[in-house]
Amino acid sequence: MTHYKSNLRDIKFNLFELLGRSEILGHGPYEDMDVETAEAVLDEVDHLATTKLAESFESADRQPPVFDPESHTAPLPEAFKKSYDAWMESEFYQIGLAAEVGGQPAPPSLRWAMNELVLGANPAVYMYASGPKFGEMIFRNGTERDQKIGRIMADKLWGATMVLTEPDAGSDVGAGRTRALPQPDGSWHIEGVKRFITSAEHDLSDQIIHLVLARPVGVEGFGGPGTKGLSLFIVPKYDFDLETGDLGERNGVNVTNVEHKMGLKVSNTCELTFGDGKPAKGWLLGEVHNGIAQMFQVIEDARMMVGTKAIATLSTGYLNALDYAKSRIQGADLTKNYDKTAPRVTITHHPDVRRALLTQKAYVEGMRSLVLYTASIQDKVAIAAAKGEKDDDAIKLNDLLLPIVKGYGSEKSWTLLGTEALQTFGGSGFLADYPLEQYVRDAKIDTLYEGTTAIQGQDLFFRKIIRNQGKALGQLQAEIQQFLDTEGDQNSGGQLKDERELLAKALEDVEAIGTAMAMNAMSSDVRAGGDPRNLYKIGLNTTRLLFGLGDVVCAWLLLRSADIALQALGTDLPESEQRFYEGKVASARWFARIVLPKLAAERVIAEGTDLAAMELDEASF
Ligand code: ST9
Ligand code: FAD
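From a predicted model like this one, the values you see are computed outputs, not experimental measurements.

Asks: Give me the lowdown on the site of ligand 2, citing residues and values where you can.
Replies: Around ligand 2 lies a shell of 18 residues, among which T165, S171, F196, T198 and T452 are the nearest. Taking L164, its main chain carries an N or O atom lying 2.8 Å from an oxygen atom of ligand 2. At 2.6 Å, a side-chain N or O of S171 approaches an oxygen atom of ligand 2. Protein contacts shield 63% of the accessible area of ligand 2, which totals 970 Å² for the unbound molecule.

Asks: Before we move on, can you summarise the packing of helix α1 (residues 8-18) against helix α19 (residues 575-594) with the specific residues and values?
Replies: For the pair α1 and α19, interaxial distance at closest approach is 12 Å and the crossing angle is 75 degrees. Relative to α19, the element α1 lies roughly perpendicular. In this structure, α1 contributes R9, D10, F13 and E17 to the contact, and α19 contributes E577, F580, Y581 and K584.

Asks: Describe the pattern of salt bridges, and please don't skip the residues or the numbers.
Replies: As enumerated under the stated definition, the model contains 49 salt bridges in all. Of the charged contacts, one joins D459 and K464 as a salt bridge, the two residues approaching to 2.8 Å between their closest N and O atoms. Exposure class is identical for D459 and K464. Each is buried. Residues E501 and K497 are paired through a salt bridge, measuring 3.3 Å at the closest nitrogen-oxygen approach. Separated by four residues within a single helix, E501 and K497 lie in helix α16 (residues 497-522), roughly one turn from each other. Looking at E501, the relative accessible area reads 46%, which means it is partly exposed. K497 sits in the partly exposed class, given a relative accessible area of 47%. Sharing partners across several salt bridges, the network here consists of D10, E116, K361, E365, R368 and K584.

Asks: Outline the side chain of N115, supporting the account with residue identities and numerical values.
Replies: Checked against the element boundaries, N115 lands in helix α5 (residues 108-121). The contact partners of N115, leaving out residues within four places of it in the chain, are Y126 and T308.

Asks: Can you break down the site of ligand 1 residue by residue, with the values?
Replies: Neighbouring residues of ligand 1: 31 residues in total, closest T227, K228, D459, R463 and R467. Between an oxygen atom of ligand 1 and a side-chain N or O atom of R303, the distance comes to 2.9 Å. Take K464: an N or O atom from its side chain is 3.5 Å from a nitrogen atom of ligand 1. When the free accessible area of ligand 1 is taken as 1,400 Å², the share hidden by the protein chains comes to 80%. Looking at the shell around ligand 1, its residues break down into 12 nonpolar, seven polar and 12 charged.

Asks: Lay out the packing of aromatic side chains in plain terms, naming residues and giving numbers.
Replies: Counted according to the given criterion, the structure contains 16 aromatic pairs. On the numbers, 5.0 Å between centres and 55 degrees between planes, the contact of F425 with Y434 is tilted. Put simply, the rings of F13, F580 and Y581 pair up and form one aromatic cluster. The ring of W414 carries K444 above its face, with NZ or CZ at 4.2 Å from the centroid. Between R500 and the ring centre of F483, over which it is positioned, the NZ or CZ distance is 5.0 Å.

Asks: Summarise the environment of S327; cite the residues concerned and give the values.
Replies: Checked against the element boundaries, S327 lands in helix α9 (residues 291-327). Given a relative accessible area of 52%, S327 falls into the exposed group. Linking S327 and P77, residues 250 residues apart in sequence, is a C-alpha distance of 34 Å.

Asks: Outline empty space enclosed by the protein, supporting the account with residue identities and numerical values.
Replies: Overall, the coordinates contain five cavities of 30 Å³ or more when judged by the stated rule. Computed from the structure, the largest cavity encloses a volume of approximately 60 Å³. Only α3 (57-62), α6 (123-128) and α12 (436-444) provide two or more residues apiece to the lining of the largest cavity. If you tally residues by element for the lining of the largest cavity, the top one is α3, at three residues. Each residue belonging to the lining of the largest cavity can be placed in one class, and the counts come to six nonpolar, two polar and three charged. Volume-wise, the second largest cavity comes out at about 40 Å³. Lining the second largest cavity are F57, L119, G120, P123, T313, T316, Y439 and D442. Of all elements in the fold, only α5, α9 and α12 reach the threshold of two or more residues within the lining of the second largest cavity.

Asks: Tell me about the confidence of the model for the protein, and please be specific about residues and values.
Replies: Summing up the model confidence of the protein, the mean pLDDT is 97 and the portion of residues at 70 or higher is 99%. As a predicted assembly, this complex carries a pTM of 0.98 together with an ipTM value of 0.99.

Asks: Provide a residue-level description of the nonpolar core, including the pertinent values.
Replies: Counting 135 residues, the largest nonpolar core has F80, W87 and L503 as its most contacted members. If near-sequence neighbours (up to four positions away) are discounted, F80 is found in contact with S56, A60, N122, A124, V125, Y128, L204 and V266. V173, L211, L285 and V298 belong to the second-largest nonpolar core, a separate cluster that totals 25 residues.

Procedures and definitions
Residues numbered from 1 in each chain as written. Chains lettered and ligands numbered in written order. Predicted model: local features only at pLDDT ≥ 70, side-chain atom pairs only at ≥ 80, totals over all residues. Heavy atoms only, no water. Near = heavy atom within 4 Å. Polar contact = N/O pair within 3.5 Å; in protein donor to acceptor, adjacent residues only side chain to side chain. Areas by Shrake-Rupley, 256 points an atom, 1.4 Å probe, with all protein chains shown as cover. Axes fitted to C-alpha atoms, helices over the stretch in contact; angles between N-to-C directions. Helix = DSSP H or I, 4+ residues; strand = E, 2+ residues; numbered from the N terminus. Parallel < 35°, antiparallel > 145°, perpendicular 65-115°, else oblique. Contact = heavy atoms within 4.5 Å. Salt bridge = Lys/Arg side-chain N within 4 Å of Asp/Glu carboxyl O. Buried < 20%, exposed > 50% of the residue type's maximum accessible area, 1.4 Å probe, protein only. Nonpolar A, V, L, I, M, F, W, Y, C, P; charged D, E, K, R; others polar. Phe/Tyr/Trp six-rings, centres within 6.5 Å; stacked < 30°, edge-to-face > 60°. Lys NZ or Arg CZ within 6 Å of the ring centre and 35° of its normal. 1 Å grid on protein atoms, 1.4 Å probe; cavity = no way out; pocket = protein on both sides within 12 Å on 5 of 7 lines; lining within 4 Å. Points joined across faces, edges and corners; volume = space filled by probe spheres on them. pLDDT = per-residue confidence, 0-100. Core = buried A, V, L, I, M, F, W, Y, C linked by side-chain atoms within 4.5 Å.

Spelled out as C-alpha cells, the structure:
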C-alpha cells in the first residue's frame, strides 16, 4: 500500500465520455495510438504510479538530498532513484514525445492524463525525468547542432533545467543581470548567479543541460533592457562530443547551494553559479536572439504541469480523506445527539464531514475536467500542426485556459488540501503518519513557482483577454452559452434546470467582473484624458477574475459531465458504475449550488472597487 490513491475511472470518463477522445485516437497523426492502446497505457501507468513511483514519496521527504559544497553535489536517496529508474525503464515517458527525438506520437490529452498519475504519485520523478521533453524543445527551435543535442539528450536520458530566476529577478524576469559574452568560435561564456533552479544538480544522469536566459553583451541590436533583451543559451554541466554525446571536461557552471524547503524536498532547488573560476561555455539556441519567446514554450508546458500536479495532489488527498472518514467512528448521528446512549457512527454520517467531502470531490472533478479540456484544445493545436496548419482559435483558447489551470488549479487545490482534506482527519491529519501534511507542504509551491497567482491573474486579464481583444474569452463564453441554450436540457430532460440557471447567472456575474475591469482599462488611458490610477482597480481584481472564471469553467464542465451521467443512469449498469454516475451528478449539483452563488458577491466587490487600498499610507498597514 502506498500513499497514492488515483482515480483512473474519472480520468477515463473525461477522456472518452466527456471529451470524446476516441474520435482522434487511432486516426491522423495518432494512427498507432488507438483507444485500446491508450487505455492499456493508462492502466499500466496507473499501476506503476500507485506502486513503484509512489513507494519513495514519503521516505525521500524524510531523508532529502544533502548538498556537499566541496564537490557541489546533492545525490538523491536510493529509494527515490528506484522510483525514477522504474519510470524511465517503463519508457512511458516517450508517449507524447516528438518522434524526432525518439518519442511516440500521442495526443496531449493522453499525455496529461498519464502525467496526472505520475505527478500525483511522486511529482519530483516527473520533474527529474523531463530531460527528453527539453530535448524536444531544443530540437524544435534549434540549428542542426542543437538538433543533435536535443536527440542526444533524449537518447541518453540527460537531465535538464530551465534557468530564469535570479536573486533580484523573480516575477520580474526582465531584471535579470546574468550576462553572455560572445567568443570567437561562435560559443558564449555565461557569467552570473541564478537561484531556485529545479534539478540543477543530482546523480540520476551523467549530464545536465541548462537552458539559461542571459543578456548578450556587445552585440549590436541585442541585449537591451527587460525580457526582450534576454537570449536563451544551452549550457551543459560537462563538455561533450556533439556526434557521440561522450562527456569531456567539467564546464564552468556549478551548484553553489541547495535550498532547505517547506516541501517537495527531494526536488533539488539550486543556486547555480556561472563562470566563477572557469568559463561557463554555452551555445545560443537556434542562433537567434529570441530568448523569452523560446523560454515561454517551456514555461507553458511547465505551467500546465504545475496545475496538473496540484489537482492530482488534491485528488489523492481527497481519496485518502474519504477512506479515513469511512472508517473513523466518532459521535452519534446528529438526529440522535440528544441520546447519550445512541450508537456511535463513522464520521461520514456527519453533515459537516459530508460537506467537506463533497466540496473536495466536486472541485477535484471540475478541475480534472479543466485540465483535460485544456489538453483537448492542445490536441486541436497538435493535429493542425501535424498537417502543417495553424489552428489560431485553439492556440488562443489554450493560452486563455493556461493561467486558469495553473493559477486557479493550484490555489483551490492547496487551500482545499488544508481546509477540507487534512481537516477531515482531525488531529491525525497533523501527524506524519498520514500523507496529508506532506501533501499540504508539497502543494504550496504550486501557487508560487512558474509565475505566482498574481502573475497568472495579470496574464489572464492583460495578455489573454485585453490584448486578444476578448476573442478567446468570447469563444469560451459562446461554448458555455450554447450548452445553456441547448445541449443539456435535451440530454438530461430538465433534471439540472436549477443548476443550469445558477450557471447562467454566474456567467453573467463573471462577465460583469470582466466588464468592470475593461472599463477601468479604458478609463486609465492618459492619452484619452483618463486616470492611470484606474489600472490599480484592475490589479485589485485580477485574482478575483481568475478565480471567477475558473469556477464558471469548472461548473460548465461538471454540468456537461452530469448530463452524460444522467443519460448513462437511464441504462442498465453494474452497481459500481451506477454509483460512479450518481457521484458525477452529485458533484455537479453541489458545485453549482455552493460555489456559483458566491460570484454575485464577487461581482459586487469588483464593481465597487475604489482606490482606498492604494491610497493608504504604508505606515498604516
Ligand atoms: C520555475 C520552474 O519556476 C518551476 C518548476 C520546474 C520544473 C521543471 C521540470 C518540468 C518542466 C517541463 C518542461 C518541458 C520542456 C519543453 C516543453 C516544450 C516541448 N505566454 O508581457 P511582457 C513572452 S521557472 C507566452 O512584456 P515582461 C512573450 O514572448 C521560473 N509568452 O512581459 C512576450 O513578448 P510579446 C518561472 C509570453 O513585462 C514577452 O514574454 N518564472 C507570455 O517583459 C514579454 O512579455 C516565471 O514564470 C505568456 N503568457 O515580463 C516568471 N507572457 O508580448 C513569472 C509573456 O511580444 N513572471 N510572454 O509576445 C512572468 O510571467 C511575467 O509576467 C513576465 C513579465 C516575466 C513575463
Ligand atoms: P517575487 O517576485 O519577489 O514575489 C513576491 C510577492 O510579490 C509574490 O506574492 C508575488 O505574487 C508578488 N508580486 C511580485 N511582482 C508582482 C507584480 N508585478 N504584481 C503583483 N504582485 C507581484 N525559477 C527558475 O528559473 N527555474 C526553476 O527551475 C525554478 N524552480 C523553483 C523551485 C522552487 C522550489 C522555488 C521556490 C522557486 C523556483 N523558481 C525557479 C523560481 C520561481 O519561479 C520564483 O520563485 C517565482 O517566479 C516568484 O519569484 P520570487 O520568488 O522572486 O517572488
